[in-house]
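Single-letter residue listing:
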Amino acid sequence: MASFGRLMGSVVRKTPRQIAQHAVRRWSDALATRDLDFPLLPEDIADSHARPQPSAPSPGSPGRRRLGWIVLPPGAGSGGHTTLFRMMEAARVAGFTNTLLFYDRYRSDHAHNTEVIRSAWPWLECEVEPVGETLIGFDGVIASSWPTAHVAARRRLPGQPVIYFVQDFEPYFYPRGSEYAIAQDSYRLGHRNVSLGAMVRDTLAAELSVESDYVPFGCDTDVYGLRAPTIPRSGVVFYAKRGNDRRGHRLAVLALSEFHRRHPDQPIHTYGDAPRDLPFPVIDHGGLPPARLNELYNSVIAGVAMSFTNISLVAEEMLAAGVVPVVNDSPLARADLANPHVAWADPTPLGIADALSAAVTQPALDARARAVSASVATAGWAETGRLFAGVIAEELDPLTGTAGNDLPRSREKGSDHAR
């Protein structure tokens, strides 16, 4: 009877929403729905210990070479896909023919996924197909994430070159365990790894003794930049990504709640995911195309740009528009963001709130915005794309391809995990 009373007391203390959440969670555990988060079919998990010795690729035939770029189907606005698609466009300009290959273990609607590509990235010129049981018909293959690196290893043809464009050290996306280990092994599957930025290159070398080519970050300064002010700058902006813990959503919400308590007159703008149960008022902009996002940046003083792995592109785009980005202080984030106007903050609610407060209380906001914007010296993405296209040319035609020879590498080719 006493235990029944305690049970009823706990139910009474819960809100209807909490009761529903607990019920859904129990059903979720019973049905093992978390297994659905794993992005690979069992037969597509490769193993670096089992890989055969690849046969030497033959010299390329004349004419345009066909490349297969394997991706998980993206949602509109995905920054990682946008960067990859910039590399695809650079390859097209360099003379390659591109095919985007969707890998989706659940076989979702291919027509819908294709429409997302065509509407969200209308400038991308390529064919779009589901990935086949083998990668026949392609002179080379580009993997874009740890799952697609496994798919490429399992479905490639003997001697078929595979390049792995590594935008983050993706094992860090998971707790230490099975998914961490399988993601980690993606860098040892015999592909040619190309690291975007120093953080990825150095982490691959330090954690796994794996070499990689290096290409630098770019910044789209054709879109993001200072515009003539129409109203005085005020408030802060927050890119909300609820399901992406490495972007620090929960921590940012706690910090912004404290910031609002201190500065109730400063508006808080959000874009990305729709606000949900925030303990402070926001101006929600939803999903914004780059030009509209730059307009928003030009209206605010500071922004939350957190990342617990590789640095988010958002930080430098904010800088270009004269916004002070508040970034959680870590060696990983600092590796590719050396700018004196970044507000590095201890990753605590008060640490982040302190940095936001300091930014909005500075004098001469317009002059500071001009100095912040002028500090961005990062080249555009064209140089990154040129270097990446050079790697492709060199990998497909190792005897004649020279376009990638000016790429810095973490060590010389020839180690056990070199390719």
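Preceding this paragraph is the structure being described.
Anyway, here's the lowdown on the structure attached to this text. Note that the structure is predicted; figures quoted are calculated from it, not measured. (Residues numbered from 1 in each chain as written. Predicted model: local features only at pLDDT ≥ 70, side-chain atom pairs only at ≥ 80, totals over all residues. Heavy atoms only, no water.)

## Details of the pattern of salt bridges
Scanning the model with the defined rule gives 19 salt bridges in all. The salt bridge involving arginine 192 is made with aspartate 213; its shortest N-O contact spans 2.7 Å. Taken as a pair, arginine 192 in strand β6 (residues 192-196) and aspartate 213 in strand β7 (residues 213-215) lie far apart in primary sequence, 21 residues in all. With respect to burial, arginine 192 and aspartate 213 carry one shared label: buried. (Salt bridge = Lys/Arg side-chain N within 4 Å of Asp/Glu carboxyl O. Helix = DSSP H or I, 4+ residues; strand = E, 2+ residues; numbered from the N terminus. Buried < 20%, exposed > 50% of the residue type's maximum accessible area, 1.4 Å probe, protein only.)

## Points about the sheet that holds strand β11 (residues 302-304)
Taken together, six strands build an open sheet; the order of strands is β10-β9-β8-β11-β12-β13 and the sheet is parallel. Across the chains shown, the open sheet's two edge strands, defined by having one partner strand only, are β10 (283-284) and β13 (343-345). Here three bridges tie strand β8 (residues 236-240) to β11, and the two strands are oriented parallel to one another. Of the residues in β11, the one forming a bridge with valine 236 is alanine 302. (Pairing = 2+ DSSP bridges.)

## Regarding the pairing of strand β12 (residues 324-328)
With five of five residues buried, β12 lies mostly within the body of the structure. The handedness of the β11 to β12 crossover, carried by helix α10 (residues 313-320), is right-handed. Relative to β13, β12 runs parallel, the two sharing three bridges. In the strand pairing of β13, asparagine 328 is matched with alanine 345. (Right-handed = clockwise from strand over helix to strand, strands pointing away.)

## Let's talk about the packing of helix α8 (residues 249-262) against helix α12 (residues 349-360)
Between α8 and α12, whose axes approach to 8 Å, the crossing angle comes to 50 degrees. One way to sum up the angle between α8 and α12 is to call them oblique. Of the two possible hands of crossing, α8 and α12 adopt the one that is right-handed. Residues Leu251, Leu254, Ala255, Leu256, Glu258, Phe259 and Arg262 of α8 touch α12, and the partners they reach there are Pro349, Leu350, Ile352, Ala353, Asp354, Leu356, Ser357 and Val360. For the contact of α8 with α12, the per-class residue count stands at eleven nonpolar, one polar and three charged. (Axes fitted to C-alpha atoms, helices over the stretch in contact; angles between N-to-C directions. Parallel < 35°, antiparallel > 145°, perpendicular 65-115°, else oblique. Left-handed = near helix turned anticlockwise from the far one by under 90°. Contact = heavy atoms within 4.5 Å. Nonpolar A, V, L, I, M, F, W, Y, C, P; charged D, E, K, R; others polar.)

## Digging into the sheet that holds strand β2 (residues 96-102)
Paired through backbone hydrogen bonds, the strands of a sheet run either parallel or antiparallel to each other. The sheet built from seven strands is open, its strands ordered β3-β2-β1-β4-β5-β6-β7 with parallel pairing. With one partner strand each, in any of the chains shown, β3 (127-130) and β7 form the two edges of the open sheet. For this sheet, the mean inter-axis angle between neighbouring strands, taken without regard to orientation, is 25 degrees. Of the pairings in the sheet, the one linking strand β1 (residues 65-71) to β2 comprises seven bridges and is parallel in character. Each bridged residue has a counterpart across the sheet, and for glycine 68 the counterpart in β2 is threonine 99. Running over the sheet, helix α4 (residues 110-120) touches β2 and β3 and is turned about 150 degrees from β3. In the packing of helix α14 (residues 381-396) onto the sheet, contacts are made with β1, β2, β4 (140-143), β5 (162-166), β6 and β7, and the angle to β6 comes to roughly 175 degrees.

## Quick look at the environment of methionine 318
Mapped onto the elements of the fold, methionine 318 is located in helix α10. Take methionine 318: its relative accessible area is 0%, and that puts it in the buried class. Residues methionine 318 and valine 300, spaced 18 residues apart in sequence, show a C-alpha to C-alpha distance of 9.8 Å. Discounting residues that sit within four places of it in the chain, methionine 318 has contacts with Val237, Tyr297, Gly303, Val304, Ala305, Val323 and Pro325.

## Topic: the layout of surface pockets
Estimates place the volume of the second largest pocket at around 440 Å³. In terms of residue class, the lining of the second largest pocket is built from four nonpolar, one polar and five charged. (1 Å grid on protein atoms, 1.4 Å probe; cavity = no way out; pocket = protein on both sides within 12 Å on 5 of 7 lines; lining within 4 Å. Points joined across faces, edges and corners; volume = space filled by probe spheres on them.)

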